[in-house]
Amino acid sequence: AKERGKNNYNVFHSGMNMQTYRSFSLQNDLRRAIEREEFELHYQPRVNIETGKVESAEALIRWNHPSWGLVPPLEFIPLAEETGQIVEIGDWVVKTVCEQINTWKQEGIPPIRIAINFSSQQFLQKDLADMIQRILESNDVHPELIEIEITESVVVENEENSTKTLQQLSDMGICISIDDFGTGYSSLHYLSRLPVNTLKIDKSFIQKISSDKKQHKLIITSIVSLAKALNMHVIAEGVETENQLDFLRNQECEEVQGYLFSKPIVPNMLEEILVQGDYK
Ligand code: C2E
Ligand code: CA
Ligand code: CA
Ligand code: CA
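Treat the numbers as computed from the prediction; the structure is a model and nothing was measured.

Caption draft 1: Structural view of the overall build of the protein. Regarding its fold elements, the protein presents 12 helices and 9 strands. What you see for the protein is a C-alpha radius of gyration of 20 Å, in line with the 19 Å of a compact globule of 280 residues. Each of the three principal axes of the protein carries a C-alpha extent, and together these read 65 × 50 × 40 Å. Scored against the burial criterion, the 280 residues of the protein give a buried share of 49%.

Caption draft 2: A look at the coordination of the calcium ion (ligand 3). Donor atoms from the polypeptide that bind the calcium ion (ligand 3) are D179 (OD), D180 (OD), E237 (OE) and E237 (OE), placed at 2.0 to 3.0 Å. Going along the chain, you hit the donors of the calcium ion (ligand 3) in the pattern D-D-x56-E. Residue D180 is classed as partly exposed on the basis of its relative accessible area, which comes to 25%.

Caption draft 3: Just helix 12 (residues 267–276), in detail. All of the buried residues in helix 12 are P267, L270, E271, I273 and L274. With its buried residues spanning 165° around the axis, helix 12 presents them on a single face. Opposite the buried face of helix 12, at more than 90 degrees from it, the exposed residues are N268, E272, V275 and Q276. Where the residues of helix 12 are buried, they touch strand 1 (39–48), strand 2 (54–65) and helix 4 (86–106). Looking one or two residues past helix 12, G277 carries a phi angle of roughly 100°, positive in sign.

Caption draft 4: Quick look at the pairing of strand 8 (residues 233–236). Pairing geometry for strand 7 (residues 198–201) and strand 8, over 4 bridges, is parallel. Across the sheet, T198 pairs through a bridge with H233, a residue of strand 8. Relative to strand 9 (residues 255–256), strand 8 is paired through 2 bridges, and the arrangement is parallel. Paired with A236 across the two strands is V256, which belongs to strand 9.

Caption draft 5: Local environment of the site of ligand 1. In the vicinity of ligand 1, 23 residues are found, and the nearest of them are Q44, R62, N117, E240 and Y259. Contact distances for ligand 1 include 3.2 Å between a nitrogen atom and a side-chain N or O atom of Q122. Here ligand 1 has 800 Å² of accessible area as a free molecule, and 85% of this is covered by the chains. More than half of the atoms of ligand 1 fall within 2 Å of the grid points belonging to the largest pocket. Per-element tally for the shell around ligand 1: the top contributor is strand 2, with 4 residues. For the shell around ligand 1, a count of residues per class yields 9 nonpolar, 7 polar and 7 charged.

Caption draft 6: Main features of unusual backbone geometry. In this structure, N231 is a non-glycine residue whose phi angle is positive, near 65°. For N231, the position within the fold is in the loop between helix 10 (214–229) and strand 8. When its relative accessible area of 73% is taken as the criterion, N231 is described as exposed. The backbone of E252 sits at a positive phi, close to 60°, despite the residue not being glycine. Turning to its location among the elements, E252 is positioned in the loop between helix 11 (242–250) and strand 9. Note on E252: relative accessible area 54%, which makes it exposed.

Caption draft 7: View of the coordination of the calcium ion (ligand 4). Those donors, N268 (OD1), E271 (OE) and E271 (OE), are the protein atoms that reach the calcium ion (ligand 4), and they lie 2.8 to 3.1 Å from it. In this pair, N268 and E271 both sit in helix 12, 3 residues apart, roughly one turn of the helix. Take N268: its relative accessible area is 53%, and that puts it in the exposed class.

Caption draft 8: How the structure looks around the nonpolar core. Ranked by size, the top nonpolar core spans 80 residues in total, and within it F39, V97, I132, I150 and L248 carry the most contacts. Examining the composition of this core, we find that 9 residues originate from one element, helix 4, more than from any other. With residues near it in sequence (within four places) discarded, V97 still touches L41, Y43, A59, I114, I116 and I146.

Caption draft 9: Highlighting the pairing of strand 7. Burial along strand 7 is two-sided: T198 and K200 and L199 and I201, pointing in opposite directions, are all buried. Note that strand 6 (residues 175–181) and strand 7 share 3 bridges and pair parallel. Across the sheet, S177 pairs through a bridge with T198, a residue of strand 7. Running through helix 8 (residues 188–193), the crossover from strand 6 to the neighbouring parallel element strand 7 is right-handed.

Rules used throughout
Residues numbered from 1 in each chain as written. Chains lettered and ligands numbered in written order. Predicted model: local features only at pLDDT ≥ 70, side-chain atom pairs only at ≥ 80, totals over all residues. Heavy atoms only, no water. Helix = DSSP H or I, 4+ residues; strand = E, 2+ residues; numbered from the N terminus. Rg over C-alpha atoms; globule rule 2.2 N^0.38 Å. Buried < 20%, exposed > 50% of the residue type's maximum accessible area, 1.4 Å probe, protein only. Donors = N, O, S within 2.8 Å, 3.2 Å for Na, K, Ca; no water. Arc of directions from axis to C-beta. Contact = heavy atoms within 4.5 Å. Pairing = 2+ DSSP bridges. Near = heavy atom within 4 Å. Polar contact = N/O pair within 3.5 Å; in protein donor to acceptor, adjacent residues only side chain to side chain. Areas by Shrake-Rupley, 256 points an atom, 1.4 Å probe, with all protein chains shown as cover. 1 Å grid on protein atoms, 1.4 Å probe; cavity = no way out; pocket = protein on both sides within 12 Å on 5 of 7 lines; lining within 4 Å. Sits in = over half its atoms within 2 Å of the grid points. Nonpolar A, V, L, I, M, F, W, Y, C, P; charged D, E, K, R; others polar. Core = buried A, V, L, I, M, F, W, Y, C linked by side-chain atoms within 4.5 Å. Right-handed = clockwise from strand over helix to strand, strands pointing away.

So this is what it looks like as structure tokens:
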């Protein structure tokens with residue numbers, strides 16, 4: 001590390017290194033990020049592997065910080081969880097997605113289902129399902145156009161509340177997906193008990209398809225057959241190569257998402273793809 005000048009502790013609090021300072025600053029600025037309109041949603045298309053049709057897309061939040069620039073969600077979402085800001089951000093995401101769907105409808109563009117990510121802190125909200133229902137209603141959005149992505153930790157960390165919320169959401173007609181599947185607990189117990197529609201195979205498995213080790217491919221094969229046995233859909237994330245796509249097609253994985261087709265893109269670019277319809 002660089003040697004510090006004698007006066008540095010006047011600038012930074014003693015013991016505060018650059019990373020701590022950045023987190024401190026970001027956490028502080030998060031509070032005003034919504035009103036300052038610094039957040040943006042990008043959308044990553046998901047493609048039906050057989051037809052090449054874009055059937056849905058995942059909403060991914062972006063934060064354009066006035067001085068730090070683009071801050072990745074993997075950095076600021078955990079900070080927002082610590083302060084509880086995640087609740088307000090989550091509301092903003094749902095609202096923005098619903099407004100977007102409504103805009104597409106009004107422009108005559110056939111809307112597709114949009115998947116929204118939720119963290120465990122958000123599932124501590126007792127009235128989460130009511131909040132989502134209110135936003136759907138005020139934007140005149142059909143619940144079947146919304147999908148919710150949660151990781152297994154959401155279910156395991158607050159089982160009672162999350163089970164109730166997931167049931168309410170599912171009863172409304174909202175799709176439920178398990179994100180990063182295969183990396184967490186993968187408990188068959190909760191899977192059979194909860195109203196889960198889709199398993200999303202984590203990108204770490206997809207990226208190892210071309211490696212020599214058979215075990216990664218075996219995990220994918222197992223997840224696909226598990227999904228089929230439980231009457232669930234299966235989607236693979238992080239698909240970057242034709243080789244990976246061919247393997248997934250042979251496994252009868254239904255939907256794929258990844259840089260091979262598109263990065264997460266701004267709404268207007270997604271619109272162009274929607275008008276065009278498919279990747280064939
Ligand atoms: P995630 O839900 O697992 O999202 C997948 C991540 O992989 C995204 O990163 C996406 O941009 C990236 N990705 C997509 N295709 C490829 C590919 O082919 N190769 C590789 N290497 N990466 C790919 P991103 O956008 O940086 O988001 C990171 C995480 O932040 C997300 O992981 C999710 O956990 C969280 N996140 C993003 N948006 C939201 C949000 O609105 N709310 C909450 N609670 N979390 C969010
Ligand atoms: Ca996700
Ligand atoms: Ca994931
Ligand atoms: Ca437009």
